[in-house]
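Spelled out, the chains give:
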Amino acid sequence: MNIVYSLLWKHQDPKIQRSKIEHSAKVMENGTSSSSNAPRKGGLRTMPFIIVNECLEKVASYGIMPNMILYLVNDYKMAVVSATNLLYTWSAMSNILSIFGAFLSDAYFGRFRVIFIGSISSLLGLTVLWLTATIPELRPSCETLNQICNSANAAQLAVLFLSLVLISIGAGCVRPCSIAFGADQLSIKEHSYDERLLDSYFNWYYTSIGVSTLVAFSVIVYIQENLGWKIGFGVPAILMFISAFSFIAGSPYYVKVNARKSLLTSFAQVVVVATKNRKLNLHECSSDLYYRGHDEELLVPTDSLRFLNKACIIRNLERDLKLDGSVSDPWSLCTVGQVESLKALLRVLPMWSTSIFMMVSQGSFATLQANTMDRRLFGNFKMPAGSTNTIMIVTLSIVIPTYDRVMVPILAKYTGQPRGFSSKVRMGIGLLFICAAKATSAMVETMRRRKAIEEGFIDQPDAVIHMSSLWLVPEFVLLGFAEAFFPVGQVEFFYTYFPKSMSSFSMALFTLGLAAADGVGSIVVNTVDKVTSIGGNESWLSTNINRGHLNYYYALLSFLGLINFLYFLAICWAYGPDRTEKHDDSAGKGDEQFDYLELPSS
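Residues numbered from 1 in each chain as written. Predicted model: local features only at pLDDT ≥ 70, side-chain atom pairs only at ≥ 80, totals over all residues. Heavy atoms only, no water.

(A) Main features of the overall build of the protein chain. Of regular secondary structure, the protein chain possesses 20 helices and two strands. Put simply, the protein chain has 602 residues, and 55% of those count as buried. The contacts of the protein chain with a sequence gap of at least 6 include a subset with a gap of at least 24, amounting to 81%. Carbon and sulfur atoms make up 62% of the accessible area of the protein chain, which totals about 26200 Å². (Helix = DSSP H or I, 4+ residues; strand = E, 2+ residues; numbered from the N terminus. Buried < 20%, exposed > 50% of the residue type's maximum accessible area, 1.4 Å probe, protein only. Contact = heavy atoms within 4.5 Å. Areas by Shrake-Rupley, 256 points an atom, 1.4 Å probe, with all protein chains shown as cover.)

Put into structure tokens, the structure is as follows:
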């Protein structure tokens, strides 16, 4: 699911991207010098610096992910469950820090400083990780004679964890800010932007992201498997150095937008003010007491979640407002728009919760499976065990444009929906594909395990059996279909329920779902390991996968996925008819207009 996070923006409604860019242009106009004597900044000449920075960061950080389970198990002597939990935690931390990075750039430092901090942090993290592969003292040692290996001590684990934390900080700073920072460079005209230029930028940006992801999962993974960890980690570190240098070299030419108020701060203000005013009686308040700010569209707040309405009530006109009508203290009075923005977020949380289990990945177990299978494709060339994810990426890259260009016109003709399937239907299809993928994984693992036992390798988990790794292709194709439907449909659903001013927040919510999924995934792995090893039994998730039962684990995920699908259907029923068509009818109105859609009480 982390791959879709990088590619998802390409398939959103253009109004989502452009409203954010227009807002950035307004901030830029107010936050930078407009003197005719000042050297002109921004424009196409800044694009190579920005795109090289983002692409090489992707290659470097994604390139170490697929094989990391092998590094932890083989070189750090971790149990599979411990290594998987560490990778889940690492992924969750990166996703949570993406939201924090976006918050810092919006509210305090601006995008340039946050990307700069992130680039340096990623470089340091990858350098430390390379040192763990280069300096023997930073890894557990083994006795040569009897091949007994020690576990990693506290100092060795501290260095490893430090590298992963620094890489997560880097990813959390660079990824949420890079595309918007590039758009800032093109949005430099007064109250306007070159639409064709932006479209070209988006196309090149996402093409480069897709290519860099494939390079990471193929070339970098191949280097690690065939040339060892020293070179395999050294190459990403060098690429990250070039990435950081490229971004810093372009500094004199960048437009640097000033920080502005963050939506997260706005949400916190609403909760704080509503709590302060909790003793107010709403029935005694007239509509004239609601503070609207500069928004003439929202006269009064909606009736749902009425407690929050207390945040926008003017209690003392002289104390709460300045002479120009602005708020004296934003922590004592909020606008109707702020209140309704928070309500919009709360209304989508039930549907958001249905995505958490869908995003729970199968961990790095597929890499362990592929490592025991015949990976020869042609001649002596072997597909790296960690490159199986490329199948999903290629499938995703084919399905999305095919659906958009071929299926949507056909579906629109017969259903009357201009976007083809509604957002809920797309999410439902994605959930069914994920269940099918995990059921397929269970069947393939049953075959692989039986083959390993028949060939006498039950106590040799690293032995290669006579079974082609191409048996893993169907499950990754199904995963590609799932990711082509569910995440795009979910973000589209968020967009229909969010006001225009919150359109870019949908990706933040999607990222939070990834973090929650990593947490749930870790809980599931720990629970399965502890329950199935009761009484001295071999855990389903044993480090020796030939003695374990990954097939049972996959079957459990498939069963839980079906339960999640039933939960999804119940949530869809609670929301009522799809709102996309209604939202499209209002799409021609101004970007700053609010179009709040409420969750029915029935």
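From this point on, the discussion continues.
(B) Broad picture of the pattern of salt bridges. Taken as a whole and judged by the stated rule, the model has 13 salt bridges. One network of salt bridges, in which partners are shared, links Glu340, Lys343 and Arg347. (Salt bridge = Lys/Arg side-chain N within 4 Å of Asp/Glu carboxyl O.)

(C) Geometry of unusual backbone geometry. In this model, Lys77 sits at a positive phi of 55 degrees, which is unusual for a non-glycine residue. As for its placement among the helices and strands, Lys77 is situated in the loop between helix H4 (68-74) and helix H5 (80-109). Look at Lys77 and you get partly exposed, because its relative accessible area is 34%. In this model, Leu305 sits at a positive phi of 50 degrees, which is unusual for a non-glycine residue. Checked against the element boundaries, Leu305 lands in the loop between helix H10 (263-276) and helix H11 (317-320).

(D) Summary view of helix H12 (residues 336-353). Along its 18 residues, H12 runs 27 Å from first to last C-alpha, staying within 8% of the 26 Å computed at 1.5 Å per residue. Burial runs high along H12: 14 of the 18 residues are buried. (Expected span 1.5 Å × (residues − 1).)

(E) Representation of the environment of Thr132 within the structure. Looking at the secondary structure, you find Thr132 in helix H6 (residues 111-134). Looking at Thr132, the relative accessible area reads 0%, which means it is buried. In this view, Thr132 contacts Tyr71, Tyr76, Leu138, Arg139 and Val159; residues no more than four positions away in its chain are not counted. Of the polar contacts made by the side chain of Thr132, one reaches the side chain of Tyr71; its length is 2.9 Å. (Polar contact = N/O pair within 3.5 Å; in protein donor to acceptor, adjacent residues only side chain to side chain.)

(F) Looking closely at the nonpolar core. Counting residues in each nonpolar core, the largest one holds 101 residues, and the members touching the most others are Met68, Phe498 and Tyr553. A per-element tally of this core places helix H19 (residues 550-575) first, with nine residues. Tyr553 has contacts with Tyr88, Phe365, Val524, Val525, Val528, Trp540 and Leu541, leaving out every residue within four places of it along the chain. Formed by 23 residues, the second largest nonpolar core is a distinct cluster that contains Met47, Phe112, Ile179 and Ala183. (Core = buried A, V, L, I, M, F, W, Y, C linked by side-chain atoms within 4.5 Å.)

(G) Examining the environment of Ala268 more closely. For Ala268, the position within the fold is in helix H10. Among the residues examined, Ala268 registers a relative accessible area of 31% and is labelled partly exposed. Residues Ala268 and Leu342, 74 residues apart in the sequence, show an inter-C-alpha distance of 9.2 Å.

(H) Just a nonpolar patch on the surface, in detail. Among the surface-exposed residues, Val52, Ile238, Phe241, Ile242 and Phe245 lie close enough to one another that they form a single nonpolar patch of about 490 Å² accessible area. With four residues, the single largest contributor to the nonpolar patch is helix H9 (residues 229-249). Tracing the sequence through the fold places Ile238 in helix H9. (Patch = residues over 30% accessible without salt bridge, like charges linked within 9 Å, V, L, I, M, F, W, Y side chains within 5 Å.)

(I) Broad picture of the confidence of the model for the protein chain. A residue-level look at the protein chain finds 84% of positions with pLDDT of 70 or above and a mean pLDDT of 81. Across the protein chain, the element-wise mean pLDDT spans from 46 in helix H2 (residues 14-31) up to 94 in H6. Low pLDDT, under 50, characterises residues 9-38; the stretch is placed with 53 contacts to residues that sit more than four places away or in other chains. Segment residues 188-193: pLDDT under 50, and 10 contacts once partners within four positions in sequence are set aside and those in other chains are kept. (pLDDT = per-residue confidence, 0-100.)

(J) Focus on the packing of H6 against H9. Running from N to C, H6 and H9 cross one another at 160 degrees; their axes reach a closest spacing of 9 Å. In this view, H6 runs roughly antiparallel relative to H9, as classed from their interaxial angle. The interaxial crossing formed by H6 with H9 has left-handed handedness. A breakdown of the residues in the contact of H6 with H9 according to their chemical character gives 18 nonpolar, five polar and one charged. (Axes fitted to C-alpha atoms, helices over the stretch in contact; angles between N-to-C directions. Parallel < 35°, antiparallel > 145°, perpendicular 65-115°, else oblique. Left-handed = near helix turned anticlockwise from the far one by under 90°. Nonpolar A, V, L, I, M, F, W, Y, C, P; charged D, E, K, R; others polar.)

(K) Local environment of the packing of helix H3 (residues 47-63) against helix H7 (residues 154-186). Taken N-terminus to C-terminus, the directions of H3 and H7 make an angle of 155 degrees; their axes are 10 Å apart at the nearest point. Taken together, H3 and H7 sit at an angle that is classed as roughly antiparallel. Considering how the two elements wind past one another, H3 and H7 form a crossing that is left-handed. Facing H3, whose interface residues are Met47, Ile50, Asn53, Glu54, Glu57, Lys58, Ser61 and Tyr62, H7 presents Ile167, Ala171, Val174, Arg175, Ser178, Phe181, Gly182, Gln185 and Leu186. A per-class count over the contact of H3 with H7 returns eight nonpolar, five polar and four charged.

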